[in-house]
Amino acid sequence: MEELLEILTELHPDVDYDSEEHLVDDRILDSLDIITLISEIDDRLDVTIPAEEIIPENFNSAKALGELISRLEDE
Amino acid sequence: MLFNSIPFICFIIGTVFLYYIIPKKVQWCFLLIVSYAFYTIADPRYLIFIGVTTVTVWFTSLKVEKINTEQKAYIKEHKSELSKEQKQTYKDKMKSRRWRWLLLCLLLNLGILCVTKYTNFAIRTINDIFSGAAKLKPVDLIVPLGISFYTFQSLSYVIDVYRGKQEAQHNIFKFALFVSFFPQLAQGPISRYGDLGPQLLAQHRFDSRKLSYGAMRIVWGYFKKVIIADRVVTGLTTLTGSTEYTGAYVLCAMFFYALQLYCDFTGGIDITIGIAEAMGIKVTENFKLPYFSKNIKEYWNRWHITMGSWFTDYIFYPISVCGPMLKLSKWSRNHLPAGIGKRVTVYLSCFAVWLATGIWHGAAWNFVAWGLTNYAVIMISQELEPVYAKFHSRFHVKGKVGYEVFQIIRTICLMSAIRMFDCYKDVAQTFKMMWSMISSFRISTFYDGSLMNIGLTASDYAVIAVGFAVVLGVSIIKARKGSVRERVYNRSPLVFYNLMAVMIVAIIVLGAYGVGYDSSQFIYTQF
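Caption draft 1: Representation of the overall build of chain A in the model. Of regular secondary structure, chain A possesses four helices and zero strands. Secondary structure elements in chain A, listed N-terminal to C-terminal, are α-α-α-α. Relative to a compact globule of 75 residues, whose C-alpha radius of gyration would be 11 Å, chain A shows 11 Å and is just as compact. Burial statistics for chain A: of 75 residues in total, 25% are counted as buried. Pairs at least 24 residues apart make up 62% of the contacts formed inside chain A by residues separated by at least 6 positions.

The following block contains the structure:
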């Protein structure tokens, strides 16, 4: 989770990822950010997020994204 | 049957009336019959195309779902016996079976779309490359009404079933209604099954408020289309039809086209959404006041929204996260400068999306150039974001009304300029005409009476100006206070109905028809 927060902070340093729960709905993360994020996660955490998992619910908060990564690691 | 014709208006009134008096459980069957009747009236030959798409997509979705169900049952049954690796191998095998069915369906339907829409484009390009030596003759092909829209809509459904995000619809007639729902068949929006399907199949009770809102939305759509778009198009056709209209005329054509396209396309979508709303069906919005966008990226989030989200979900994301792209991303991070290295995959995926968006809009190089210019501007803006941030923090202009108005005008000018690729016969002529705005600009064109000789009279300009003022006023109120029709209705239904009557009279009196005008089809129906 720490590494994930680091990646997110590098992308948008001004966002409070502990409290923000509408990253996609409020357009804080746009489609270009999401792809940058997925590439970083693939590179640094070695977890590949497939296209079908790119839905707002999985990217709206750091917590949701963390849960997605854990689920994909378990599969 | 033109959307802006008396028979179509009678068709809508008859459909909505019958929809509410028939038994509710057969409302969806009635909509299916009406939708197919609408398509048959357009051209009976179209039925073959929409029929093939409906059957193949429906069949594929069932096959894919069956494999999914089989997989789940097998894993559940053998949960304790299978190791993690064995489970993964089995899942991969089933995924590849699903993928084969999906691929077949995609190739067939995109193949039909490409052959009908792009064969002549390919022939023209081959002839151009070989300087006429190839001498291939263009072929006379049928391009079914709204083929891009119903193909994309159907494919989004089967891809969602493949991804496990959508349950398959087992009743082919119910699925056929989703593909052919007549108000949005010709020019979108491109709906998702999860949003539209259940609503089409639900039973709808008569609701006077929804009927009134729907009727007002339809009238508003016709107001924009018939009073503004169909009037402006006369001047626009003159200005872009000849190379003699250079300099200031090009600037004039630029804003004419911006106005015409907006009123035509949003007007058409208003009519579509209004018809559906009158029957209690909510169709996805396709525009969110796009001309109030402060930059081009925001503009594309607010213009033709359903097309943009289709390209993002089904082209941009899959390309960006596919294996080779992720490998390239890793390589570029290690071998290229940090900033660029991180964004290589985004650049490439965006390029593919904008190329596809350009080609989708028209089978000509003009549209490819249009798509790639959009791409270039978006990417440059993206790269310049740190510069903008520095500028904003230094001059404290962010959030200031004056600066926001400047940003909005800048975006309108930029988008209108890029769109000129759409107006002239080829890319070379577009550049030539755009250059003439700098090389031979005569400001006097705007006041020496020259604009009275392009097919528009002083009264035409007056009507356009009044229509534009109304559209702008309504848009500003909507941006600041929300839906105008709801506010008026809530205050007084009587005022609401009087307003609607005034608008209908305005459409009849001020609409562009009669001698000198052709009742023109909506621009986006050609897609």
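Caption draft 2: Structural view of the environment of Ala215 of chain B. Residue and element names in this part refer to chain B. Relative to the assigned elements, Ala215 resides in helix 9 (residues 208-241). Given 22 C-beta atoms within a 10 Å radius, Ala215 is considered buried. Residues Ala215 and Tyr347, 132 residues apart in the sequence, show an inter-C-alpha distance of 44 Å.

Caption draft 3: Focus on the domain arrangement of chain B. Residues and elements named next belong to chain B. As assigned here, chain B comprises domain 1 (6-203) and domain 2 (207-283 + 433-527). The straight-line distance from the C-alpha centre of domain 1 to that of domain 2 is 32 Å. Between domain 1 and domain 2, the contact holds 17 residues from the first and 14 residues from the second. Those elements giving two or more residues to the side of domain 1 that touches domain 2 turn out to be helix 1 (6-21), helix 5 (147-162), helix 7 (182-185) and helix 8 (193-201).

Caption draft 4: Structural view of the packing of helix 9 of chain B against helix 21 (residues 493-510) of chain B. All names here are of chain B. Axis separation between helix 9 and helix 21 bottoms out at 10 Å; the angle between their running directions is 25°. Here helix 9 is positioned roughly parallel relative to helix 21, judged by the angle of their axes. In this structure, helix 9 crosses over helix 21, and the sense of that crossing is left-handed. In this structure, helix 9 uses Ser212, Ala215, Met216, Val219, Tyr222, Phe223, Val226 and Ile227 to contact helix 21, whose residues at the interface are Phe496, Met500, Met503, Ile504, Ala506, Ile507 and Leu510. Considered class by class, the residues forming the contact of helix 9 with helix 21 number 14 nonpolar, one polar and no charged.

Caption draft 5: Spatial organisation of the environment of Phe316 of chain B. Turning to its location among the elements, Phe316 of chain B is positioned in helix 12 (residues 305-320). As a C-alpha pair, Phe316 of chain B and Cys350 of chain B span 34 residues in sequence and 6.7 Å in three-dimensional space. Here Phe316 of chain B is in contact with Ser31 of chain A together with Phe311, Ser349 and Val353 of chain B, once residues within four sequence places are set aside.

Caption draft 6: Representation of unusual backbone geometry. Cis geometry marks the peptide bond from Gly188 of chain B to Pro189 of chain B; its omega dihedral reads 0°. Within the secondary structure, Pro189 of chain B sits in the loop between helix 7 and helix 8. Positioned with a positive phi, Arg27 of chain A is a non-glycine residue whose angle comes to about 60°. Within the secondary structure, Arg27 of chain A sits in the loop between helix 1 (2-11) and helix 2 (31-44). Unlike most non-glycine residues, Leu289 of chain B shows phi in positive territory, near 40°. Here Leu289 of chain B shows up in the loop between helix 10 (248-278) and helix 11 (296-302). Overall, Leu289 of chain B belongs to the partly exposed group, with 13 C-beta atoms counted inside 10 Å.

Caption draft 7: Summary view of the interface of chain B and chain A. Tallying the contact residues gives 19 residues for chain B and 14 residues for chain A. Put simply, the parts of the chain that give the side of chain B that touches chain A at least two residues each are helix 12, helix 13 (323-335) and helix 14 (338-361) of chain B. Across the side of chain B that touches chain A, the residue classes tally to six nonpolar, seven polar and six charged.

Cut-offs used in this document
- Residues numbered from 1 in each chain as written.
- Chains lettered and ligands numbered in written order.
- Predicted model: local features only at pLDDT ≥ 70, side-chain atom pairs only at ≥ 80, totals over all residues.
- Helix = DSSP H or I, 4+ residues; strand = E, 2+ residues; numbered from the N terminus.
- Rg over C-alpha atoms; globule rule 2.2 N^0.38 Å.
- Buried ≥ 20, exposed ≤ 12 C-beta atoms within 10 Å, placed from the backbone.
- Contact = placed C-beta atoms within 7 Å.
- Domains from an automatic or database assignment.
- Axes fitted to C-alpha atoms, helices over the stretch in contact; angles between N-to-C directions.
- Parallel < 35°, antiparallel > 145°, perpendicular 65-115°, else oblique.
- Left-handed = near helix turned anticlockwise from the far one by under 90°.
- Nonpolar A, V, L, I, M, F, W, Y, C, P; charged D, E, K, R; others polar.

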